[in-house]
Amino acid sequence: MLVYLKSRSDRRHSNFWIGLYGSLWIHAWEFCSDFISIMMSNNPQKLNNYKKGLQAMSIIDKTA
């Protein structure tokens, strides 16, 4: 079985895709913010990943 791995330098979504669906992410964030804060406090080993997501959400929120 052959497995092709993408490097992490490959982009997952285009700017156009983020522009289309960024507003939906903002609405989902508002709906799930309490749950997300609980997840962040329960998984301190994943805090760097959560911080990256929060930074991305703030950028999307500024442009939306």
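Just above sits the structure.
Residues numbered from 1 in each chain as written. Predicted model: local features only at pLDDT ≥ 70, side-chain atom pairs only at ≥ 80, totals over all residues. Heavy atoms only, no water.

**Student:** Pulling in residues and values, what's your account of the overall build of the chain?
**Tutor:** Along the chain, the regular secondary structure elements total two helices and zero strands. Within the chain, the fraction of its 64 residues that count as buried is 8%. (Helix = DSSP H or I, 4+ residues; strand = E, 2+ residues; numbered from the N terminus. Buried < 20%, exposed > 50% of the residue type's maximum accessible area, 1.4 Å probe, protein only.)

**Student:** Give a detailed account of helix α1 (residues 15-42), specifying residues and quantitative values.
**Tutor:** When the terminal C-alpha atoms of α1 are compared, their 32 Å separation across 28 residues is substantially less than the 40 Å that a helix rising 1.5 Å per residue should span. Looking at α1, one finds that the buried residues are G22, I26 and M40. Looking at the buried positions of α1, the neighbouring elements they touch are α2 (47-63). (Expected span 1.5 Å × (residues − 1). Contact = heavy atoms within 4.5 Å.)

**Student:** Can you lay out the packing of α1 against α2 for me, pointing to particular residues and giving the numbers?
**Tutor:** The geometry of α1 relative to α2 is characterised by a closest axis approach of 10 Å and an angle of 140° between their N-to-C directions. Classified by the interaxial angle, the pair formed by α1 and α2 is oblique. Like other packed secondary-structure pairs, α1 and α2 cross with a definite hand, here left-handed. From α1, I18, G22, W25, I26, W29, M39 and M40 reach across to α2, where they touch L47, Y50, L54, M57, I60 and D61. Its residues assigned to classes, the contact of α1 with α2 shows 11 nonpolar, one polar and one charged. (Axes fitted to C-alpha atoms, helices over the stretch in contact; angles between N-to-C directions. Parallel < 35°, antiparallel > 145°, perpendicular 65-115°, else oblique. Left-handed = near helix turned anticlockwise from the far one by under 90°. Nonpolar A, V, L, I, M, F, W, Y, C, P; charged D, E, K, R; others polar.)

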